[in-house]
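# Breakdown of the fold
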Amino acid sequence: MKIVDDVGSLPVITTTREDAIGLFSSLVKGGLKGGLQWARRYSLFQYPFVTACCGMEYMSVSCARYDMARFGAEVPRFSPRQADLLMVVGTVVHKNAPVLKRVYEQMTEPKWVMAFGVCASTGGFYQNYATVEGIDRIIPVDIYVPGCPPSPEQVLDALMLLQEKVSRLKFPDGKEAGT
Amino acid sequence: MSHVVLDRLLERFGEEVILGSHSHRGDETAIVAPTEIANVARFLKDDGRCSFEMISDVTCVDWIDEEPRFEVVYHLYSISKKHRLRLKARVPEGDPRLPSVTAVWGGANWFEREVFDMYGVVFDDHPDPRRILLYPEFEGYPLRKDYPLNGEQPLVEMRDPDTGQLVMPGRISRDQGREV
């Protein structure tokens, strides 16, 4: 017996070990179309690089009321080596820029970056000797969430948009992952 | 609390050290000769009528077109007497230095480092005279009025947001203010 999900005929609950093995091997070997992206987009492990007041908004969106986990971004990881999604939450200053760059470099591929809040996106209202005017000056950014701070709904929208982007990930040879 | 502290100061140090003072609704200020600031501080803390046990802040003003250019401002508070006093000392642009009051109030340590970091005023006999907020590679003093408004000094290679060009570590002069 097995219960199949409504999208990709994926066995989500099964009574036989063979079907369970089949799920993972189909994801890995790419026998199931889009399976690898499916797994990636709903298991984004975030590294919260929290530097400023947007952190409060991150806490809100990751905790019970808004609960980012419902959308498939369950666990924050405090080691960049275990994370796929770098969330830069708050203002980055020149003194801190080498740290951010190193954290990004320590993450394993494939990896994505969210600029959370207007400071991380463009520098916001800071334009001075101290502030990096947008983290995309240092590292590539996949999704920008301007807002001071962005509302939790905005972040959830951004997460879903990012998941779209993740599911369209292509390898350098042009093939889509998992196909 | 009217003029007691200012009168005590004048009585003890005279007009060669207390260069001026003003008082408005209990908000009192003494202008002090910069070389004597540590002696004045020691007196203000130890004297029984003054008892300024706490230093609330040390900051600085850049009067760019005046000489002496920098005005270091000390805010004092007496916890036991519940009164306040402000000290001001002017130091010239050519040699902006004055004695540290860290030996009197330990709390002045980081305040003085911040004034050094932002204005380049040197505090003699400071136990740890380093920058406090900015990084050691930073050149110049960003809160001086003649520091360029956008004088960024990046530590890592980055893209210029205006041109898209890669910029190596070092100084970007995206200058909107006066030149250093």
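Just above, that's the structure.
Throughout what follows, the structure given in this document is the object of discussion. From a predicted model like this one, the values you see are computed outputs, not experimental measurements.

Reading the values: the criteria
- Residues numbered from 1 in each chain as written.
- Chains lettered and ligands numbered in written order.
- Predicted model: local features only at pLDDT ≥ 70, side-chain atom pairs only at ≥ 80, totals over all residues.
- Heavy atoms only, no water.
- Pairing = 2+ DSSP bridges.
- Helix = DSSP H or I, 4+ residues; strand = E, 2+ residues; numbered from the N terminus.
- Axes fitted to C-alpha atoms, helices over the stretch in contact; angles between N-to-C directions.
- Contact = heavy atoms within 4.5 Å.
- Salt bridge = Lys/Arg side-chain N within 4 Å of Asp/Glu carboxyl O.
- Buried < 20%, exposed > 50% of the residue type's maximum accessible area, 1.4 Å probe, protein only.

A word on the sheet that holds strand 5 (residues 112-116) of chain A. Remark on secondary structure: sheet strands pair via backbone hydrogen bonds, oriented parallel or antiparallel. Residues and elements named next belong to chain A. Pairing in this open sheet of four strands is parallel, and the strands run 3-4-5-6 from one edge to the other. Of all strands in the sheet, those bounded by a partner on one side alone are strand 3 (46-50) and strand 6 (143-145). Averaged over neighbouring strand pairs, the angle between their axes works out to 15° when direction is ignored. Relative to strand 5, strand 4 (residues 85-89) runs parallel, the two being bridged by five bridges. When the bridges of strand 5 are listed, V89 appears paired with F116. Each of strand 4, strand 5 and strand 6 touches helix 6 (residues 152-167); the most contacted strand, strand 6, lies at about 175° to it.

Glancing now at the pattern of salt bridges. Residue and element names in this part refer to chain B. Within this structure, the stated rule accounts for 17 salt bridges over all chains. Here R69 ties to D62 by a salt bridge, and the two come within 2.7 Å at their closest N and O atoms. The same class applies to R69 as to D62, namely buried. The partner of D95 in a salt bridge is R97, and the shortest N-O contact between them spans 3.1 Å. According to the relative accessible area criterion, R97 is partly exposed, its value standing at 37%. One network of salt bridges, with partners in common, ties together D62, R69, E93 and D146.

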